[in-house]
Amino acid sequence: MVDYHAANQSYQYGPSSAGNGAGGGGSMGDYMAQEDDWDRDLLLDPAWEKQQRKTFTAWCNSHLRKAGTQIENIDEDFRDGLKLMLLLEVISGELDYYDSHNVNTRCQKICDQWDALGSLTHSRREALEKTEKQLEAIDQLHLEYAKRAAPFNNWMESAMEDLQDMFIVHTIEEIEGLISAHDQFKSTLPDADREREAILAIHKEAQRIAESNHIKLSGSNPYTTVTPQIINSKWEKVQQLVPKRDHALLEEQSKQQSNEHLRRQFASQANVVGPWIQTKMEEIGRISIEMNGTLEDQLSHLKQYERSIVDYKPNLDLLEQQHQLIQEALIFDNKHTNYTMEHIRVGWEQLLTTIARTINEVENQILTRDAKGISQEQMQEFRASFNHFDKDHGGALGPEEFKACLISLGYDVENDRQGDAEFNRIMSLVDPNHSGLVTFQAFIDFMSRETTDTDTADQVIASFKVLAGDKNFITAEELRRELPPDQAEYCIARMAPYQGPDAVPGALDYKSFSTALYGESDL
């Protein structure tokens, strides 16, 4: 046998082995220090560490393979201690440890508890994930509810405002437009009701999910304050307001139909009365300026027109009654006619005034003709001259038209100093009130003074006596009724009060007036 002890002793290092030759070595302390430096360098070498991990992992797996498992990463796989215990269990069995059974039992118990904990952990994770998905579904339903409930709530509020809004209409077309719009709104109610039910179904689905999974929701919908109760309450209000709106619109439609009947009724009458008045005005104007027949014929025609005007008065009264109904119904416009009651009244008053004035003018022309001894031929000449220069057929001549007429008759009123003076003198006679117009009656008076000097005080007195109804005096009212306004005012301003025994208040002395103008009277 080899004596290892002797061998070891023969390799002992000491001073006796030291030498100066090439085989001489250092002391043991120097060797150990050098070995520590080698170990330190190896530990710091990454390649060496990797190799050691690989070697140790292979060694562990050679044992763990018997337990049906293995490791990949020492740090990760041994962190929970399970595989480390399996490794110890296998090694202890291989080492035939005397208490290996108890060790193995405890290890198995730990493993079983770990597996149970893993199962509970997995179940808990699945339960939490399921609850998370349910909460996400509820949250999504809440969000969907809010997205649809908000605009629907706004629509109901707008609908309630429109259904309670006061409406003011004036025509049948306007109320029919409102009814059409309301019918269109009602046609949308079924769709709106379906939207309401869909919104409420979203809320109910969220509630169902929470209740079936025993999830206690915290408070109301976090995305909106519009609750199902608010939606149902407003929807019920809309349902109540719709028939009320129907009733109000139908009442207004009936009212507007009645108003339309009144409009058409008034327009039908006004469209007859208005043109009739205008036609009569034109006919009277033609009679006053045309030279058909004698003055007596003209007067007769005018009297007939006056009677026809008086007989037409019931038509105006009927129109007044219809206008009263329109006013009571608060109707302010009428598209069926351009005539208003005010226009008709003004036209009627103008017609009465025109016929009365025209009759008065013709009567005065007859009196003037008879008083001045003017023949019918002269009257027609005067009328022809007047009408020729009355371009607008207004029954009066302006200053320039009257000047042209005088020039045509041979008067020297040209545009020079003398002519202007003569024209101003004549204008003072025919237009004493400076109205700027010369009427036919004033023209006749002027021409009769210029063409004849047969007037006497007796003739003038006789004419006034006819106007006065054979009285010895005349009143201002009679003068205004029988004479043109300018002549009537001229006489009233210059006639002295009548002092006779038969005098009445306001009586005027036409005899003294005539005598002052035409000299002494034989009457």
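Predicted model, so just to flag it, every value in this text is computed and none were measured. (Residues numbered from 1 in each chain as written. Predicted model: local features only at pLDDT ≥ 70, side-chain atom pairs only at ≥ 80, totals over all residues. Heavy atoms only, no water.)

**Examining the pattern of salt bridges**
Proximity of charged atoms lets side chains of opposite charge pair with each other.
Then comes step 1: As enumerated under the stated definition, the model contains 25 salt bridges in all.
Then comes step 2: The closest approach of N and O atoms between Glu 49 and Arg 53, which form a salt bridge, is 3.7 Å. Taken together, the positions of Glu 49 and Arg 53, both in helix α3 (residues 46-64) and four residues apart, correspond to about one turn of that helix.
Then comes step 3: Residue Glu 49 is classed as partly exposed on the basis of its relative accessible area, which comes to 39%.
Then comes step 4: With a relative accessible area of 36%, Arg 53 lands in the partly exposed category.
Then comes step 5: Across the pair Arg 481 and Glu 482 runs a salt bridge, and its minimum N-O distance is 3.3 Å.
Then comes step 6: Note on Arg 481: relative accessible area 45%, which makes it partly exposed.
Then comes step 7: You can call Glu 482 buried: its relative accessible area is 14%.
Then comes step 8: Bridged by salt links that share partners, the residues Glu 260, Arg 263, Arg 264 and Asp 333 form one connected network. (Salt bridge = Lys/Arg side-chain N within 4 Å of Asp/Glu carboxyl O. Helix = DSSP H or I, 4+ residues; strand = E, 2+ residues; numbered from the N terminus. Buried < 20%, exposed > 50% of the residue type's maximum accessible area, 1.4 Å probe, protein only.)

**Notes on the sheet that holds strand β5 (residues 507-509)**
Then comes step 1: Reading across the sheet, the three strands line up as β3-β5-β4 and stay open at both edges, with antiparallel pairing between neighbours. The strands lining the two open edges of the sheet, one partner per strand, are β3 (474-475) and β4 (496-497). (Pairing = 2+ DSSP bridges.)

**Concerning the UniProt feature "domain: EF-hand" (unreviewed entry) in the protein chain**
Then comes step 1: As annotated by UniProt and renumbered to match this structure, "domain: EF-hand" (unreviewed entry) occupies residues 377-412 and 418-453.
Then comes step 2: In the segment residues 377-412, helix accounts for 64% and strand for 6%; the C-alpha atoms at its two ends are 24 Å apart. (UniProt positions renumbered as here; feature names shortened; annotations may be inferred.)

**Brief notes about unusual backbone geometry**
Then comes step 1: The backbone of Leu 330 shows a phi angle near 60 degrees, a positive value even though the residue is not glycine.
Then comes step 2: With respect to the helices, strands and loops of the structure, Leu 330 is situated in the loop between α11 (313-328) and α12 (341-372).

**A word on helix α7 (residues 172-187)**
Within an α-helix, residues lying three or four positions from one another point in the same direction, as the helix has 3.6 residues per turn.
Then comes step 1: Along its 16 residues, α7 runs 22 Å from first to last C-alpha, staying within 8% of the 22 Å computed at 1.5 Å per residue.
Then comes step 2: Turning to α7, its buried residues are Ile 172, Ile 175, Ile 179, His 182 and Phe 185. The buried residues of α7 occupy an angular sector of 145 degrees when projected down its axis, which confines them to one face. (Expected span 1.5 Å × (residues − 1). Arc of directions from axis to C-beta.)

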